[in-house]
Amino acid sequence: MTPQAKLIFTASLILGTTITISSNHWVMAWTGLEINTLAILPLISKSHHPRAIEAATKYFLTQAAASTLILFSSMTNAWHTGQWDITQLTHPVSCLILTSAIAMKLGLVPFHFWFPEVLQGSPLTTGLLLSTVMKFPPITLLFMTSHSLNPTLLTIMAISSTALGGWMGLNQTQIRKILAFSSIAHLGWMTIIVSYNPKLTLLNFYIYILMTMTIFLALNTNKVLKLSTLMTSWTKNPPLSTMLFLTLLSLAGLPPLTGFLPKWLIIQELTKQSMTPAAMMVSILSLLGLYFYLRLAYCATITLPPHTTNHMKQWHINKPTNTSIAILATMSTMLLPVSPLISTII
């Protein structure tokens, strides 16, 4: 792919995201989502591998169905109420359809089937966009309509997503699929609190973006796609593997790392809302995710490759660690001491 084509697709992604998050009219939000979908498809299929073409096809069909549901939901609401404003979604049927559409856009259970397969068929850089930038417009729509959606339905979907994301990630050997199920589990944490404190959903999303960008960029630097390849990464770049180790633990939500902050605040808010059983369930189910995060961290730093005479290992990478990775890794692991300031802001 030529640099000019990459520039056009990247600009289209930025344009589509900006249109959706800044619009008040449903048709403009739908237009931004469509621009995003059409811009990411060439980036998914740029390798021309059959797996990439399959991933692009699955992504297109799923996102087209979700966009159709969003348009249908807004038209139904406008038919009954005369309102095209995003924040004025009041018709019950429209709210139900929109919940399904946003769940399909994000990859929430039970509309999660496409996301691991698409991420597995995409390059790491495109997988980074799918896990972060492409989720920003649907999260914004969820934030803007959170007061209208059914809290019970969102709670059920959130707990199911946390359970499935942790359970299905246990037996995976492909790192992109592990990160896909990790994303599904984190979306469960974001969804369960959106009806009660939407700002906590955005905080969780922003911190998730920080940690996911660090992990994807570190894996892309070391050219790691499988657990077996991850085992040799320590010999290539020990500082980067150490940062990857800490970021994985932060993504798991272990204190005193940054990833503990949103989970702590969400559990606290759920307890205030008399939802202690739901808080206990998502906390226990997050232990499933902790297992495969520890598995990744173990492979990245502790496990050594077999020392056989015919086994060739790449030695240290001479190029220095990317500055952006260092900054993101620092923010992904060391923001917990400023949590009182963050709590004041939100």
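Keep in mind that this is a model prediction, so the values were computed, not measured.

Asks: Is there a simple way to think about helix α3 (residues 50-81) in this case?
Replies: It helps to recall that an α-helix has 3.6 residues per turn; residues three or four apart then point in one direction. With 32 residues, α3 extends 46 Å between its outermost C-alpha atoms, agreeing within 8% with the 46 Å of an ideal straight helix rising 1.5 Å per residue. Looking one or two places after α3, you find Gly82, whose phi comes out positive at around 75 degrees.

Asks: When you look at the UniProt feature "domain: NADH:quinone oxidoreductase/Mrp antiporter transmembrane" (unreviewed entry) in the protein in this model, what are you seeing that I'm missing?
Replies: The UniProt entry lists residues 23-288 under the feature "domain: NADH:quinone oxidoreductase/Mrp antiporter transmembrane" (unreviewed entry), expressed in the numbering used here. Segment residues 23-288 splits into 76% helix and 0% strand. End C-alpha atoms: 38 Å apart.

Asks: Any chance you could explain unusual backbone geometry here in plain terms?
Replies: Outside of glycine, negative phi angles account for most residues, and trans bonds account for most peptide bonds. In this chain, Val109 is followed by Pro110 through a cis amide linkage whose omega measures 5 degrees. One can find Pro110 in the loop between α4 (92-106) and α5 (114-120). For the bond running from Pro255 to Pro256, omega is 5 degrees, close enough to zero to count as cis. Looking at where Pro256 falls in the secondary structure, it is placed in the loop between α13 (238-252) and α14 (260-272).

Asks: Would you mind going over the nonpolar core with me for this structure?
Replies: For soluble globular proteins, the rule of thumb is that nonpolar side chains tend to be buried together. Tyr59, Leu130, Ile192, Leu219 and Leu230 are the most contacted members of the largest nonpolar core, which has 93 residues in total. When residues in this core are grouped by element, the largest group, 12 residues, is from helix α10 (residues 198-222). Of the domains in this structure, domain 1 (1-146) and domain 2 (150-345) are the two that each give at least three residues to this core. Those residues within four positions of Tyr59 in sequence are excluded, and the remaining contacts are Thr37, Ile40, Leu41, Ile44, Trp114, Val118, Leu130 and Met134.

Asks: Mind showing me how you'd approach a nonpolar patch on the surface here?
Replies: On the surface, a nonpolar cluster with roughly 250 Å² of combined accessible area is contributed by Val27, Met75 and Trp84. Mapped onto the elements, Trp84 comes out in the loop between α3 and α4. By relative accessible area, which is 30% here, Trp84 ends up partly exposed.

Asks: I tried to follow the packing of aromatic side chains on my own but got confused; where do I start?
Replies: When we look at a pair of aromatic rings, we describe it by the centre distance and by the angle of the planes. Considering all chains together, one arrives at seven aromatic pairs under this definition. For the pair Phe136 and Phe205, a centre-to-centre distance of 5.9 Å together with 15 degrees between the ring planes defines the contact as stacked. With Phe136 in helix α7 (residues 136-144) and Phe205 in helix α10, this pair connects stretches of sequence that are 69 residues apart. Judged by relative accessible area, which is 22%, Phe136 ranks as partly exposed. Their ring planes at 50 degrees and their centres at 6.3 Å tell us that Phe205 and Tyr206 sit as a pair that is tilted. For Phe205, a relative accessible area of 0% translates into the label buried. Judged by relative accessible area, Tyr206 falls into the partly exposed class, the value being 42%. Among the aromatic side chains, those forming a connected cluster through ring pairs are Tyr59, Trp114 and Phe115. The cationic tip of Lys135 hangs over the ring face of Phe115; the distance from NZ or CZ to the ring centre is 4.0 Å.

Calculation notes
Residues numbered from 1 in each chain as written. Predicted model: local features only at pLDDT ≥ 70, side-chain atom pairs only at ≥ 80, totals over all residues. Heavy atoms only, no water. Helix = DSSP H or I, 4+ residues; strand = E, 2+ residues; numbered from the N terminus. Expected span 1.5 Å × (residues − 1). UniProt positions renumbered as here; feature names shortened; annotations may be inferred. Core = buried A, V, L, I, M, F, W, Y, C linked by side-chain atoms within 4.5 Å. Buried < 20%, exposed > 50% of the residue type's maximum accessible area, 1.4 Å probe, protein only. Domains from an automatic or database assignment. Contact = heavy atoms within 4.5 Å. Patch = residues over 30% accessible without salt bridge, like charges linked within 9 Å, V, L, I, M, F, W, Y side chains within 5 Å. Areas by Shrake-Rupley, 256 points an atom, 1.4 Å probe, with all protein chains shown as cover. Salt bridge = Lys/Arg side-chain N within 4 Å of Asp/Glu carboxyl O. Phe/Tyr/Trp six-rings, centres within 6.5 Å; stacked < 30°, edge-to-face > 60°. Lys NZ or Arg CZ within 6 Å of the ring centre and 35° of its normal.

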